[in-house]
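# Survey of secondary and tertiary structure
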There are 4 protein chains.
Amino acid sequence: MLRVGMLTSGGDCQALNATMRAIVKTLAYNTEGKLEVYGFLDGYQGLIRNRYTRLTQEDFAATLTHGGTILGTSRTPFKELDEPTSDGIQKVPAMVANYRKLKLDCLFMLGGNGSTKTANRLREEGLNVIALPKTIDNDTWGTDMTFGFTSAVEVATRCIDDIRTTATSHGRVFVIEIMGHKVGWIPLYAGIAGGADVILIPEIPYDIDKVVDAINEVHGDGERYSIIVVAEGARTKEEASLSKKAYKAKVAARVKPSVAYEIAEEIARRTDREVRVAVPGHTQRGGAPDAQDRIFATQCGVEAAMGCLEGKFGFMVSQKKGKMCRVPLEDVAGKLKYIDPDGEVVREARALGISFGD
Amino acid sequence: MLRVGMLTSGGDCQALNATMRAIVKTLAYNTEGKLEVYGFLDGYQGLIRNRYTRLTQEDFAATLTHGGTILGTSRTPFKELDEPTSDGIQKVPAMVANYRKLKLDCLFMLGGNGSTKTANRLREEGLNVIALPKTIDNDTWGTDMTFGFTSAVEVATRCIDDIRTTATSHGRVFVIEIMGHKVGWIPLYAGIAGGADVILIPEIPYDIDKVVDAINEVHGDGERYSIIVVAEGARTKEEASLSKKAYKAKVAARVKPSVAYEIAEEIARRTDREVRVAVPGHTQRGGAPDAQDRIFATQCGVEAAMGCLEGKFGFMVSQKKGKMCRVPLEDVAGKLKYIDPDGEVVREARALGISFGD
Amino acid sequence: MLRVGMLTSGGDCQALNATMRAIVKTLAYNTEGKLEVYGFLDGYQGLIRNRYTRLTQEDFAATLTHGGTILGTSRTPFKELDEPTSDGIQKVPAMVANYRKLKLDCLFMLGGNGSTKTANRLREEGLNVIALPKTIDNDTWGTDMTFGFTSAVEVATRCIDDIRTTATSHGRVFVIEIMGHKVGWIPLYAGIAGGADVILIPEIPYDIDKVVDAINEVHGDGERYSIIVVAEGARTKEEASLSKKAYKAKVAARVKPSVAYEIAEEIARRTDREVRVAVPGHTQRGGAPDAQDRIFATQCGVEAAMGCLEGKFGFMVSQKKGKMCRVPLEDVAGKLKYIDPDGEVVREARALGISFGD
Amino acid sequence: MLRVGMLTSGGDCQALNATMRAIVKTLAYNTEGKLEVYGFLDGYQGLIRNRYTRLTQEDFAATLTHGGTILGTSRTPFKELDEPTSDGIQKVPAMVANYRKLKLDCLFMLGGNGSTKTANRLREEGLNVIALPKTIDNDTWGTDMTFGFTSAVEVATRCIDDIRTTATSHGRVFVIEIMGHKVGWIPLYAGIAGGADVILIPEIPYDIDKVVDAINEVHGDGERYSIIVVAEGARTKEEASLSKKAYKAKVAARVKPSVAYEIAEEIARRTDREVRVAVPGHTQRGGAPDAQDRIFATQCGVEAAMGCLEGKFGFMVSQKKGKMCRVPLEDVAGKLKYIDPDGEVVREARALGISFGD
């Protein structure tokens, strides 16, 4: 009898259920059903408090197309890992104890960067942990792709599509804020897919003068409208030169709710054009996973399950250069994968005439 | 030879092209092509300045699925109709003169309430005008339905759907701002379709205490999440009792960008729950029209064209109790169709347990 | 304590779960939870064999967007109602007995024409029955609308949309078979929404010569492609004049799998054009319900539940002229609602230049 | 002044316009508009007959989301390349002459395998040719990905999704025929994404006994329904052992319209279960390209344009291991990329319990 635990941690995404389904189906098929799966509720919180639900294949019968996670999720900040909970539970010892008490052979952890750090900590404590790269942001170090990413790009692109028909009809400048606080993968990809004129991402600090120039050039060519895609974490060159603390203070002091509103106001002021802002927000992490996401999620789930069946632990599932592989947890924990400002996709976008405002 | 003019006025919507296609196809088919169509650019502005493009069936070959308007649109406020343009053109006389100069037999005007008032003014000046009820807001008096409405409800509902998967996973309160400044048709319908717990619309002023009660009740029943749909123009009972001027001043003085943010903050403060705001914004008037919208748009276009071919003018196309009909322009111009707070759909929503915060 | 039964019967559709959710939510809200719901499995089969599952609001938490039915469904032909099952159960007495045994106050039956006849029979046997008009076909007599219809039209229209891009690129004739054996509501509405050139429906028998003429005319006008929407039950004038038995024999003797293939072959032979056939089939009754469908489904569910709470039974929920109402089961049982060949929508389609091949 | 020709050849797909847009935008941006683009109509037919349209960036303003090709397309079989047209034109000399007459610097050819062979022939004749890997089938040798593929997988997956709700409700076996005559990329990927139980592809000949066993096993586990995805070119082990000629004869002699119908009949006969067939057909190559497809299409277009600007010709744009590159036309012309039956994706599908009927 194989006994495994499973949890989903951090921000949710569209393909969490599809990934868990693949893990459970693969384990069930290859153990001929000699399997017990403990699904911890609300991320690491469930492991800390031993709150779980037993899971079988049937629980996933209809979930391939369902976004979110049937286990619930929560954020459990790594830096507070050694602080006790509000009611005095020591987190790490509790998690280890509960894992032992349930006699688990393995813990599958579906999470992003921060969650992977915690997973690595549990590995160091002697638990058999396998991590799976979940995040819409595609910023997990050690893998070319994360599940959630293509679906988020699809939703974000659909938003730009929807807005374009209005932009065309009214002849305006549209500023669309796309998710990405520290990295700009979704804005970059959705911006290209949606035909943006300007894309502003954290990795390439912008200069508002350059942004205005780019907009004027678009309209100078006779185009009625222009579309600016702004990452949540887009920053000016000046802001990028601030200390982390000073930048945080500046963001906190914002009167406008986000950078997109600031940029919109500035462009309106400088170009005398009508500018509108759209903030699709959390819709970007919801809805059904697209086909590509489900395929990759399934690949991740199978790879993780096969590792467990082979008795291999302590790794994160990864895809590199189109091939599935496994990377040591200790190598990836806590590292972010940024966009290379001189990399292929940015170069292609520039070749097409897209401005990054730099 | 039949010579007709056409223009799209006010905020755009998904089914403008589909409607124009139906007008032109019907006219072309029934005149055996003895037809000249002048499409005025950017709404009444094109008629004022005689800027137009000649249109044929071919121009609409691919537009059935395209949101926006191939003619462009603009807002030409009725109350400024007798003021000259910035470069000194007298608007009404210019429109009449251009209509005469092109020897038009009829002007098709696709627009909402304000635009219909201007159309009625042109009718009073002796022009043959036929209006078609365009607006995502469904607030045009004299018709049960407007084109654009079902598509907007579809987009708004999809946003709520997308957000629900995250709401479920994280267990939060979500406040979603849906279009509707003066009327709440889209929020009401999308709220029902999307399974909202609370719907706040301009026609039913709310009491924040009642909203908080409703949310607490939802969570008290063991539900992890709750969804509040807020119309852009939702207002408290207190705000509703203000004079129009005082209310406008209060809105203008808002620190938060909109009422949704205000409500979210208040709920967070009072319930100690995590609250998130989503503002899908202009996506609600974009993208492809849904099938129902295209059918209704086609019906409107056919009805308008048939009226013209019969030599009947001065009406707005309308649907009442499921039947297409024509209503005198003078009867509908400038009136808004509000939701009846005691009407069928609100009663049904209440029967289902949805709170209106009153 | 209110005790109600519920079953879904006949072909499934997108909004069955949405409708059941509205019934259960309304009953639960208005009885303050003093409610027991018995969901019979697989349609009348579950009632015959007393196979059921207990349902609560929680079972419907996520189903608003889920097509199909969580209860399962089956066809139980009315004409075999007085024949015993293969294992000797007398159907009607068994259903009555199980209803009595569970001490039900009411049975909610979500089904189409045939299922409504059986519901009426149970009413005659003294049960409290409330029927809800489920069918993608929109052919239920006594109501202007059925739930399932708008979603099916949406899917069918999307198929035509998808095919148009290929038709445009290759310059072909496309024959698309749309669901509708006895009535043509989906083909008529999807044909208009999708911009079909020719629509063939059971209610308007066609003449292949006229179809070929229409196609030639489209291409004669310089158009590269043409689209023919064919109902599953489209028939020639000759076929329409056959006796029911002779027509059935002719259909059974078909070599091609359906009428669409026959028509395609004939057009290819007569016009020397490339013709392609598409048969989207059961996709038309699947996937998520669209927003309109969910709203109407919710209205139906609320109306049915309110009837039950008021102690009113023996009716079918209906929408007429845009208003919800209740019609006696005996008045609607077993009657089909056909398209009026001289009615509004057909006249509009003809005004637009669409050919019905007659 | 740069003068380039462009044509789209073979079956259409969703991302042709998006690819052409990227080529033209990149060339225009990098030549500062010193550019003339000749778009040949209907594939090589336009080059043979010198029928073209002049293209500018504006022609592509709205095409990013439009499937099909604004140039039209046609099939020009390679093996008939040295036969004259029906009206006596020698194809290859005519194409070379027209290229010379227009003083073209380069010809961009968007096409699949057969079309690439013709492109290579033109290269051999001394023309500057750049090919771009267009096909929904993903079977182009020399590249890991083709544009059109992910969109087709998306549509095919959506069909499976739509059918699942009905399959679940009724408890049936569903056979869904997915595009792929010679290769099974779309069926394999859509089958995984859609949660198929059995996937039958040309590369893995099946044994009907094994298929029936797999279906029985699914239902034996208590599942109500099962889904079989069948490639158009799925073949039995016996058929796979036939000579090409004998196999073609067998296919031509089919009474049923396709292999899916044959398999469905056989399963119905052997399992006594209700079986339904769906044939989404050409919908799979239509509609809007998904975001991934648009991104890859854009990358291909940029890479092709940059090659031209660098004076590099005679290559096909390709993506290998996640990186864009260029492969010599002579190396790829006329070769098909088959699925490796022992490759990663098939192994993953097997690990999950999916049967290939072998």
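Residues numbered from 1 in each chain as written. Chains lettered and ligands numbered in written order. Predicted model: local features only at pLDDT ≥ 70, side-chain atom pairs only at ≥ 80, totals over all residues. Heavy atoms only, no water.

### Things to note about the environment of C:Thr271
Residues and elements named next belong to chain C. Stated formally: Per the convention used, a helix needs a DSSP run of H or I reaching at least four residues, while a strand needs a run of E reaching at least two, with both numbered from the N terminus. Burial classification: accessible surface area is computed with a 1.4 Å probe over protein chains only, and a residue below 20% of its type maximum counts as buried, one above 50% as exposed, and the rest as partly exposed. Between two residues, a contact is recorded if the distance between any of their heavy atoms is within 4.5 Å.
Relative to the helices and strands, Thr271 resides in helix H10 (residues 259-271). According to the relative accessible area criterion, Thr271 is buried, its value standing at 13%. When the C-alpha atoms of Thr271 and Glu32 are compared, they prove to be 67 Å apart, with 239 residues separating the residues in sequence. What Thr271 contacts, discounting residues up to four positions off in sequence, is Val212 and Asn216.

### Structural notes on unusual backbone geometry
At A:Glu32, a position not held by glycine, the phi torsion is positive, near 50 degrees. Along the chain, A:Glu32 falls in the loop between helix H1 (16-30) and strand S2 (35-40). Residue classification places A:Glu32 among the exposed residues on the basis of a relative accessible area of 69%. Even without being glycine, C:Lys321 reaches a positive phi, approximately 50 degrees.

### Points about the sheet that holds strand S11 (residues 323-328) of chain A
All names here are of chain A. Quick reminder of the rule: When DSSP finds two or more bridges between two strands, those strands count as paired. Convention adopted: a line fitted to C-alpha atoms gives each axis, helices being fitted over their contacting stretch, and angles between N-to-C directions are expressed from 0 to 180 degrees.
If you trace the 7 strands from one edge of the open sheet to the other, you get S3-S2-S1-S4-S5-S10-S11, paired in mixed fashion. Every other strand in the sheet has two partners, leaving strand S3 (52-55) and S11 as the edge strands with one partner each. Adjacent strand axes in the sheet meet at a mean angle of 25 degrees, parallel and antiparallel pairs treated alike. Pairing of strand S1 (residues 2-8) with S2 involves 5 bridges; the strand directions are parallel. Among the inter-strand pairings, Gly5 is bridged to a residue of S2, identified as Tyr38.

### Structural notes on the relation of the copies chain A and chain B
Defined as follows: Least squares is the method used to superpose the copies, on C-alpha atoms of residues holding a pLDDT of at least 70 in both.
The two copies are related by a screw motion: chain A maps onto chain B through a turn of 180 degrees and a shift of 0.0 Å along the axis, at an RMSD of 0.0 Å. Such values leave the two copies arranged in the relation of a two-fold axis. Judged by C-alpha distance, A:Pro280 is the residue of chain A that lies nearest the rotation axis, at 2.4 Å.

### Notes on the domain arrangement of chain A
All names here are of chain A. Quick reminder of the rule: Domain extents, as shown, originate in an automatic or database domain assignment. The term buried area refers to how much accessible surface (probe radius 1.4 Å) is lost by two components on association, counted for both of them together. Here a polar contact is recorded for every N or O atom pair within 3.5 Å, except that within protein the pair must consist of a potential hydrogen donor and a potential acceptor, and residues adjacent in sequence are included only if both atoms are side-chain atoms.
Domain annotation of chain A identifies domain 1 (2-148 + 289-332) and domain 2 (151-286). In this structure, domain 1 and domain 2 have C-alpha centres spaced 34 Å apart. In this assembly, 12 residues from domain 1 lie in contact with 12 residues from domain 2. In this assembly, domain 1 packs against domain 2 so that about 980 Å² is buried in total across both faces, 47% of it on carbon and sulfur atoms. The three residues of domain 1 that bury the most area against domain 2 are Gln14, Ile136 and Asp137, which together make up 50% of that side's buried surface. Summed over the shared surface of domain 1 and domain 2, the number is 8 residue pairs in polar contact (both at pLDDT 80 or more).

### Concerning the relation of the copies chain D and chain A
In the superposition of chain D on chain A (RMSD 0.0 Å, axial shift 0.0 Å), the rotation amounts to 180 degrees. Counting the interface residues of chain D, we find that 100% of their copies in chain A are interface residues as well, pointing to one common contact surface.

### Thoughts on the interface of chain A and chain B
Going by this rule: Salt bridges are counted wherever a side-chain nitrogen of Lys or Arg sits within 4 Å of a carboxyl oxygen of Asp or Glu. Residue classes follow a fixed rule: Ala, Val, Leu, Ile, Met, Phe, Trp, Tyr, Cys and Pro count as nonpolar, while Asp, Glu, Lys and Arg count as charged, and any other residue, Gly among them, counts as polar.
Of the residues lining the interface, 31 residues belong to chain A; the matching set on chain B comes to 31 residues. Between chain A and chain B, a total of about 2,500 Å² is buried, with carbon and sulfur atoms accounting for 51% of that surface. Across the chain A-chain B interface, the total number found is 4 salt bridges. We note a salt bridge from A:Asp42 to B:Arg224, for which the minimum N-O separation is 2.9 Å. Across the contact surface, chain A and chain B share 16 residue pairs in polar contact (both at pLDDT 80 or more). Looking at the side of chain A that touches chain B element by element, the count peaks at 9 residues for helix H5 (residues 149-170) of chain A. Looking at the side of chain A that touches chain B residue by residue, the classes come out as 8 nonpolar, 15 polar and 8 charged.

### Quick look at the pairing of strand S1 (residues 2-8) of chain C
Residue and element names in this part refer to chain C. Heads up, the rule is: Crossover handedness is defined by viewing with both strands directed away from the observer: a clockwise path from the first strand over the helix to the second marks the crossover as right-handed.
Of all 7 residues in S1, 6 are buried; the element is thus mostly enclosed. For the handedness criterion, the β-α-β arrangement of S1, helix H1 (residues 16-30) and strand S2 (residues 35-40) is classed as right-handed. As defined by bridge partners, S1 adjoins strand S4 (residues 106-111) across 5 bridges and the pair is classed as parallel. Looking at the pairing, Thr8 lines up with Leu110 of S4.

### Side note on the side chain of B:Thr236
Structurally, the position occupied by B:Thr236 is in the loop between strand S8 (226-231) and helix H8 (237-240). The contact partners of B:Thr236, leaving out residues within four places of it in the chain, are B:Pro205 and B:Tyr206.

### A closer look at the pattern of salt bridges
The full count for this structure, using the stated rule, is 84 salt bridges over all chains. For B:Asp358, the salt bridge identified is with B:Arg350, shortest N-O distance 2.9 Å. The shortest N-O distance in the salt bridge between C:Arg121 and C:Glu125 comes to 3.4 Å. C:Glu125 sits in the partly exposed class, given a relative accessible area of 35%. In the salt-bridge network here, residues are joined through shared partners; they are A:Asp209, A:Glu266, A:Arg269 and A:Arg270.

### What about the packing of aromatic side chains?
Residues and elements named next belong to chain D. Put simply, the rule reads: For Phe, Tyr and Trp, where Trp contributes only its six-membered ring, two rings pair if their centres lie within 6.5 Å, and the inter-plane angle classes them as stacked under 30 degrees, edge-to-face over 60, or tilted in between.
What the rule picks out here adds up to 16 aromatic pairs over all chains. Between Phe40 and Tyr52, the ring centres sit 6.2 Å apart and the planes meet at 80 degrees, which makes this aromatic pair edge-to-face. Of this pair, Phe40 sits in strand S2 (residues 35-40) while Tyr52 sits in strand S3 (residues 52-55); the two residues are 12 residues apart in sequence, bridging distant segments of the chain. A residue is classified by how much of its surface remains accessible, and Phe40, at 0% relative accessible area, is buried. The exposure class of Tyr52 is partly exposed, given its relative accessible area of 33%. Ring plane angle 40 degrees and centroid distance 6.2 Å describe the contact between Trp185 and Tyr189, whose orientation is recorded as tilted.

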